[in-house]
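# A closer look at the structure
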Amino acid sequence: MKKLSKLYLGLMLLFLYLPILVLIVFSFNDSKSRSVFTGFTFEWYEKLFRNELIMTSLANTLIVAVVASLIATVLGTLAVIGISKMRKGPKAAVMQVTNIPIINPEIVTGVSMMLLFVFFAARMNLEFGFVTLIIAHITFDVPYVVLNVMPKYRQIDANMYEAAQDLGCGPVRAFFKVILPEIMPGIISGFLMAFTFSLDDFVVSYFTSGSTAQTLPITIYAMTRRKVSPEINALSTIIFVCVLVVLVLKNVIERRADKKRGVVR
Amino acid sequence: MKQKLLSAPYLVWMAVFVIVPLVMVAYFAFFDSDGNFTLQYVADVAQYSNIFVRSVWLAAIATVICLVLAYPLAYFLSKMDTKIQGTMVMIVILPMWMNFLLRTYAWMTLLGNEGIINTLLGYIGLGPFKMLNTQGAVVLGMVYDYIPYMILPIYTVMAKIDKSVLEAANDLGCNGVKTLFKVVLPLSLPGVMSGITMVFVPAISTFIISRMLGGGSNLLIGDLIEMQFLGNSYNPNLGASISLVLMVIILLIMTLMNQFDVDDDRVLM
């Protein structure tokens, strides 16, 4: 049984990693061939970094992701406080709406927002670009913030807030001194989730970006439409290494935090 | 009272950018450009029933394959030594964090006529086989891109199963296989259900995988919608009604799944 499970795990890892490994290997390939390795080169990496389109779309991606996830975090955190004070019926209705962007297929989210933006573009001075892109990203980001902060907020002992007020804190100060530190882990994980979803989003951006503010996934898509462009392999390798580093760091940090908590106990 | 107001910006935001756009989809589906009510666009969707059938069929196959591959994997992961379990799960999930366009592109280079698989087969005198631009390639792409969404929820549910429940089953005379079917399987069903929806919904609505791996001949619902909005045949009314039908299909399937979920809760109690 043990052997069987190891074999199965190995085969699945092979299936999951082999395509990525092939991309990585061929990012160093001398020729444009996708199947025969003719020699080692860094040429594609150089071309990649000199490719202005890719660099600007990378910058666009970062700007959109940072702005959208920050706004979504503030919007979502404030929302949680307000929603918690609601009566049961309205609360349930709001949570249903919160779930819509998560459940709905991305393409429907993208298309529906495109319809809205086209409507505004025709009547007001709205152009497809950064503004529409950021609005769209905030919209699919903010539910994840709400869903991450909500459980943390619920765990807070209501007496703590009252105690702070009894001890002379105003409502605002009580919020920053008592509530905020308690829900901080939820806010951070919500922000990070929103940020990664923004970085990675293709479908919604595709319908809401117009032609001026292209994000990296849109540029990647345009590149895959062309016949052979080994720069994609180089880009994939870099992205893979970044993902690997971030996840390993996250793992190490979490493990340290767990150990600390273990010591305290 | 004051605190309630804090959610006002959020409520306005969601109303304007979630509810209103969906209402607009419904409006475009039922009203023509002059504002007259019409069922023409919804009726037009029927022309594309073969594409709908193909999408549901391919997404369903991909979902089943994901489930069959992911379930044992999640089970083995949950059984692993706790020291390495976290790291192992991270390794399994890691490809999910790669942009899915790049992951799909990887298969494009693997499956092509001059791709690495056909080249290797050529060395032993086989092929070249036509693998790219087939329905099989589309299903493979769906499985590869979305299998982490199946592994993760199933694993999460399995990891939460109380070890003492498993021990109790053993004490009461269940062997390993029987414990798996009598205890682990029913307890893991909620994870399976959310895995199924998390794979099926993106699979049925994708247009990237079908375009990159399916060539022009294996259109899915997603392609159809995309063509109405950004393609040569700009027709937002038809696009909206196709989107509406897609949402209804997904809603029906989700309701079906929720039916199962309720039953599971009873089992868990």
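Residues numbered from 1 in each chain as written. Chains lettered and ligands numbered in written order. Predicted model: local features only at pLDDT ≥ 70, side-chain atom pairs only at ≥ 80, totals over all residues. Heavy atoms only, no water.

## Observations concerning the environment of leucine 246 of chain B
Examined against the element boundaries, leucine 246 of chain B turns out to sit in helix α12 (residues 236–268). The buried category is assigned to leucine 246 of chain B, whose relative accessible area is 0%. Residues leucine 246 of chain B and glycine 222 of chain B, 24 residues apart in the sequence, show an inter-C-alpha distance of 9.1 Å. Excluding residues that lie within four positions of it along the chain, leucine 246 of chain B makes contacts with Pro105, Ile107 and Val108 of chain A together with Phe52, Ile204, Ser205, Ile221 and Ile225 of chain B. (Helix = DSSP H or I, 4+ residues; strand = E, 2+ residues; numbered from the N terminus. Buried < 20%, exposed > 50% of the residue type's maximum accessible area, 1.4 Å probe, protein only. Contact = heavy atoms within 4.5 Å.)

## Quick word on the interface of chain B and chain A
If you look at the interface, chain B gives 73 residues, while chain A gives 74 residues. Buried surface at the junction of chain B and chain A, summed over both partners, amounts to about 7000 Å²; 79% is from carbon and sulfur atoms. Counting the surface chain B buries against chain A, the share from its top three residues, Tyr10, Trp13 and Tyr105 of chain B, is 10%. Applying the counting criterion to the chain B and chain A interface returns 10 residue pairs in polar contact (both at pLDDT 80 or more). (Buried area = accessible area lost by both parts, 1.4 Å probe. Polar contact = N/O pair within 3.5 Å; in protein donor to acceptor, adjacent residues only side chain to side chain.)

## What about helix α3 (residues 49–79) of chain B?
Here α3 of chain B spans 45 Å end to end across 31 residues, near enough to the 45 Å set by a 1.5 Å rise per residue. If you look at α3 of chain B, its biggest bend is around 25°, right at alanine 70 of chain B, and the proline proline 72 of chain B turns up within four residues after that. (Expected span 1.5 Å × (residues − 1). Bend = angle between axes of the 7 residues up to and from the residue.)

## Examining a nonpolar patch on the surface
A contiguous nonpolar patch, built from Val36 of chain A together with Leu120, Tyr123, Ile124, Leu126 and Phe129 of chain B and spanning about 640 Å² of accessible area, is present on the exposed surface. With respect to the element layout, phenylalanine 129 of chain B can be found in the loop between α6 (116–123) and α7 (135–160). (Patch = residues over 30% accessible without salt bridge, like charges linked within 9 Å, V, L, I, M, F, W, Y side chains within 5 Å. Areas by Shrake-Rupley, 256 points an atom, 1.4 Å probe, with all protein chains shown as cover. Salt bridge = Lys/Arg side-chain N within 4 Å of Asp/Glu carboxyl O.)

## Points about the pattern of salt bridges
All names here are of chain A. For the structure on display, the rule yields six salt bridges over all chains. With a shortest N-O distance of 3.5 Å, arginine 50 and glutamate 46 are connected by a salt bridge. On the criterion of helical spacing, the pair formed by arginine 50 and glutamate 46 is a turn pair, its members being four residues apart in helix α2 (residues 43–50). For glutamate 46, a relative accessible area of 46% puts it in the partly exposed group. The salt bridge involving lysine 250 is made with glutamate 254; its shortest N-O contact spans 3.5 Å.

Any link to function would need more than the numbers given here.
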